[in-house]
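Chains, contacts and geometry: an overview
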Amino acid sequence: MRKPLVVGNWKMNGSRESARDLLRAVIAKETEGLDLMVCPPFIFIDMAAELVKASGIELAAQNLASHQVGAFTGEVSAEMLVEFGCSHTLVGHSERRVLFGETDEIVAAKFVSALNGGLAPILCVGESLAQREAGETDLVVMQQLEEVLKVAGIAGFERSIVAYEPVWAIGTGKSATAEEAETVHRLIRSRLAEESKQVGDKIRVLYGGSVKPENAKELFAMDNIDGALVGGASLDAKAFIEICEAAAK
Ligand code: 13P
């Protein structure tokens, strides 16, 4: 049985004070029966690590460098993130791919960099609206997965998580239906299971894209949806807690 996981991606939002208040509110209502993680902006990670110490909440970074160490101005390495309390990191979020030009190759390098530095990657994949309308969803998602498999191998997925985030559903209020998401989740799992049945059975595949308290239950009822990667609603403690409660088994 896969334990549900809800991850809050705060993106580039909040202040020191609002981030602290949000995290305190989530800690105070920590839900049983699921794993819970938040992705604060880099600069709040140290503070967040202090706050979550006595809780079961884990920290994930939103991004990391594709290199381990060296002259890479403005970058943050996997080892630094581990030292400051992160266990996981997002890799290949669509905002990184679309707005910052991260190619499948860069994403694969970051995935490996995370593993080498001791972080478990949360690999984000998903198609754009044009790709969905052209019937290319499966192709695009498989291509994104394949690039990482090629470099990291199936062993790279043993500790990893995959998040299916259709780009057209991110921040738009328009979620994929539970059935649409389930179809892609099943595809991701079966591709990984072709390489290793054990990894395919065990890996958690999260859905992201306008997850709200109103649609969470329906999404989590699907066999292959193991939780959520939540953007906007994770900035509202009440909404985030309600999503966590819907995921708890
Ligand atoms: P929203 O929940 O705001 O659509 O964002 C999803 C997301 O990008 C999480 O990483």
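Quick look at the structure, then.

Time to look at the pattern of salt bridges. For the structure shown, the criterion picks out 18 salt bridges. Between arginine 97 and aspartate 104 there is a salt bridge, with the nearest N and O atoms lying 2.8 Å from each other. For glutamate 242, the salt bridge is made with lysine 238, and the minimal N-O distance between the two is 3.1 Å. Of the two residues, glutamate 242 and lysine 238 both sit in helix 11 (residues 237-247), 4 residues apart, roughly one turn of that helix. Accessibility expressed as a relative area gives 31% for glutamate 242, which makes it partly exposed. A single salt-bridge network, built from bridges that share partners, covers Glu146, Arg191, Glu194 and Glu195.

Here the focus is the nonpolar core. Val6, Leu123, Phe157, Ile188, Leu192, Tyr207 and Phe220 are the most contacted members of the largest nonpolar core, which totals 70 residues. Among the elements that make up this core, the one with the highest residue count is helix 11 (8 residues). Excluding residues that lie within four positions of it along the chain, valine 6 makes contacts with Leu34, Asp35, Leu36, Met37, Phe220, Ala228, Val230, Phe240, Ile243, Cys244 and Ala247.

Structurally, asparagine 9 is set in strand 1 (residues 5-9). From its side chain, asparagine 9 meets the backbone nitrogen of lysine 11 in a polar contact 3.0 Å long. Those residues in contact with asparagine 9 that sit more than four places away from it in its chain are Cys39, Gln62, Leu90, His93, Leu229, Val230, Gly231 and Ser234.

Once that is clear, we can look at the pairing of strand 6 (residues 161-164). Residues Ile161 and Ala163 of strand 6 are buried on one face, and the alternating residues Val162 and Tyr164, pointing to the opposite face, are buried as well. Bridging between strand 6 and strand 7 (residues 204-208) involves 4 bridges; their strand directions are parallel. In the strand pairing of strand 7, valine 162 is matched with valine 205.

As a structural note, the neighbourhood of the ligand is formed by Asn9, Lys11, His93, Glu165, Ala169, Ile170, Gly171, Gly209, Ser210, Leu229, Gly231 and Gly232. A distance of 3.0 Å is found between an oxygen atom of the ligand and a side-chain nitrogen or oxygen belonging to glutamate 165. Within the backbone of glycine 171, a nitrogen or oxygen atom sits 2.6 Å from an oxygen atom of the ligand. Taken by itself the ligand offers 300 Å² of open surface, and the protein chains cover 95% of this.

Our focus in this paragraph is the environment of phenylalanine 84. The residue phenylalanine 84 is located in the loop between helix 3 (78-83) and strand 4 (86-91) in this model. The exposure class assigned to phenylalanine 84 is partly exposed, which follows from its relative accessible area of 38%. C-alpha separation for the pair phenylalanine 84 and glutamate 136, spaced 52 residues apart in sequence, amounts to 40 Å. Excluding its chain neighbours within four sequence positions, the residues that come into contact with phenylalanine 84 are Ile45, Asp46 and Ala49.

We now examine helix 5 (residues 104-117). With 14 residues, helix 5 extends 20 Å between its outermost C-alpha atoms, agreeing within 8% with the 20 Å of an ideal straight helix rising 1.5 Å per residue. All of the buried residues along helix 5 are Val107, Ala108, Lys110, Phe111, Ser113, Ala114 and Gly117. Check the buried side of helix 5 and you find it contacts helix 3, strand 4, helix 4 (94-99), strand 5 (120-125) and helix 7 (137-152).

Pairing is parallel around the closed barrel formed by 8 strands, whose spatial order is 1-2-3-4-5-6-7-8. Shown here is a sheet whose adjacent strand axes are inclined to one another by a mean of 25°, direction ignored. Where strand 5 and strand 6 come together, 4 bridges link them in parallel fashion. For isoleucine 122, the partnering residue across the bridge sits in strand 6 and is isoleucine 161. Along the sheet face, helix 2 (residues 45-52) touches strand 3 (58-61) and strand 4 and points at about 165° away from the line of strand 3. Contacting strand 1, strand 2 (35-39) and strand 8 (227-230), helix 11 runs over the sheet at an angle of about 160° to strand 1.

Tallied over the entire structure, the rule returns 2 aromatic pairs. Between phenylalanine 111 and phenylalanine 157 the ring centres are 5.1 Å apart and the planes differ by 35°, which places this aromatic pair in the tilted class. Of this pair, phenylalanine 111 sits in helix 5 while phenylalanine 157 sits in the loop between helix 7 and strand 6, placing them 46 residues apart in sequence. The pair phenylalanine 111 / phenylalanine 157 is uniform in exposure class, with both members buried. Above the plane of the ring of phenylalanine 100 lies arginine 96, whose end atom (NZ or CZ) is 4.2 Å from the centre.

Definitions and limits used
- Residues numbered from 1 in each chain as written.
- Predicted model: local features only at pLDDT ≥ 70, side-chain atom pairs only at ≥ 80, totals over all residues.
- Heavy atoms only, no water.
- Salt bridge = Lys/Arg side-chain N within 4 Å of Asp/Glu carboxyl O.
- Helix = DSSP H or I, 4+ residues; strand = E, 2+ residues; numbered from the N terminus.
- Buried < 20%, exposed > 50% of the residue type's maximum accessible area, 1.4 Å probe, protein only.
- Core = buried A, V, L, I, M, F, W, Y, C linked by side-chain atoms within 4.5 Å.
- Contact = heavy atoms within 4.5 Å.
- Polar contact = N/O pair within 3.5 Å; in protein donor to acceptor, adjacent residues only side chain to side chain.
- Pairing = 2+ DSSP bridges.
- Near = heavy atom within 4 Å.
- Areas by Shrake-Rupley, 256 points an atom, 1.4 Å probe, with all protein chains shown as cover.
- Expected span 1.5 Å × (residues − 1).
- Axes fitted to C-alpha atoms, helices over the stretch in contact; angles between N-to-C directions.
- Phe/Tyr/Trp six-rings, centres within 6.5 Å; stacked < 30°, edge-to-face > 60°.
- Lys NZ or Arg CZ within 6 Å of the ring centre and 35° of its normal.

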